[in-house]
Amino acid sequence: PQGNYAYFSKTCRCDEASQRCCKRIKMLKPEIIIEPLNREHNRCAFDCGEEALNQYIAKYAMQDVKRRLTNCFVLTESTPKIIGFYTLSAFSIPLVDLPAEIANKLKYKTIPAALLGRLAVDTNYHGMGYGKILLADAVKRIMRNDVAVCTLLADAKDDKAVEYYRQYGFKSLPVEKRKMFLLI
């Protein structure tokens, strides 16, 4: 992948001898590409194990992109097969929804945010660190954007997703525990 993903470096808990070690992804898969979703990508073959996410990428993602409701980025190995994807869209968070220690430092009623609406990796690639790469790419895209955004918001679909985002520094909004935010 292009770019520096050190932002998300944590102590690796992978089996060092395994080909699946997250530290080795860049060496083993130098040909991976993260790019905007387009018609050449094989959306119907994607299976992350969650039917709602499978249906979204297969049927609705291109429509949402065309309508400018979201941007969808896919990770591939230089082929049409989608390994993983995420969506980003504009969002704002009411100041009262943030923890008091953060809200007290800001003077606006809402703060600009980017919404990571969906993040999924095909089941054939689970446990290989591709989710971390997609998350890092989302942060990188937000940081180099000309539009000011001070937080990334993620909708965690379940408690497992909450724990996933927590390991990368996301915190729950006090008003809704499955809405996670990361200050940029």
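The structure displayed is predicted, hence computed values, not measured ones.

Draft legend 1. Molecular detail of the nonpolar core. Core analysis: the largest hydrophobic core is formed by 30 residues, its most contacted members being Y86, L88, L116, Y130, L152, Y165 and F170. For this core, the secondary-structure elements that each account for two or more residues are strand 2 (71–76), strand 3 (82–94), strand 4 (110–121), helix 4 (130–143), strand 5 (151–155), helix 5 (159–166) and strand 7 (176–183). No other element matches helix 4, which puts seven residues into this core. F46, L53, A61 and I82 belong to the second-largest nonpolar core, a separate cluster that totals 13 residues.

Draft legend 2. Main features of the sheet that holds strand 3. With mixed pairing, seven strands are arranged side by side in an open sheet as 1-2-3-4-5-7-6. Edge positions in the open sheet fall to strand 1 (33–36) and strand 6 (171–173), since each of these has one partner strand only. Along the sheet, successive strands turn relative to each other by an average axial angle of 35°, direction set aside. In this sheet, strand 2 lies alongside strand 1 in antiparallel orientation, the contact comprising four bridges. Paired with P36 across the strands is F73, a residue of strand 2. Contacts between helix 5 and the sheet are confined to strand 4, strand 5, strand 6 and strand 7, with strand 7 contributing the most and set at about 20° to the helix.

Draft legend 3. Representation of helix 2 (residues 51–66) within the structure. Over its 16 residues, helix 2 extends 23 Å from the first C-alpha to the last, a length consistent with the 22 Å expected when each residue adds 1.5 Å. Along helix 2, the sharpest kink reaches roughly 60°, centred on Y60. L53, N54, Y56, I57, A58, A61, M62 and D64 are the residues of helix 2 that are buried.

Draft legend 4. Layout of unusual backbone geometry. The phi angle at R68 is positive, at roughly 60°, despite the residue not being glycine. Take R68: it is sitting in the loop between helix 2 and strand 2. Look at R68 and you get exposed, because its relative accessible area is 70%.

Cut-offs applied
- Residues numbered from 1 in each chain as written.
- Predicted model: local features only at pLDDT ≥ 70, side-chain atom pairs only at ≥ 80, totals over all residues.
- Heavy atoms only, no water.
- Core = buried A, V, L, I, M, F, W, Y, C linked by side-chain atoms within 4.5 Å.
- Buried < 20%, exposed > 50% of the residue type's maximum accessible area, 1.4 Å probe, protein only.
- Helix = DSSP H or I, 4+ residues; strand = E, 2+ residues; numbered from the N terminus.
- Pairing = 2+ DSSP bridges.
- Axes fitted to C-alpha atoms, helices over the stretch in contact; angles between N-to-C directions.
- Contact = heavy atoms within 4.5 Å.
- Expected span 1.5 Å × (residues − 1).
- Bend = angle between axes of the 7 residues up to and from the residue.

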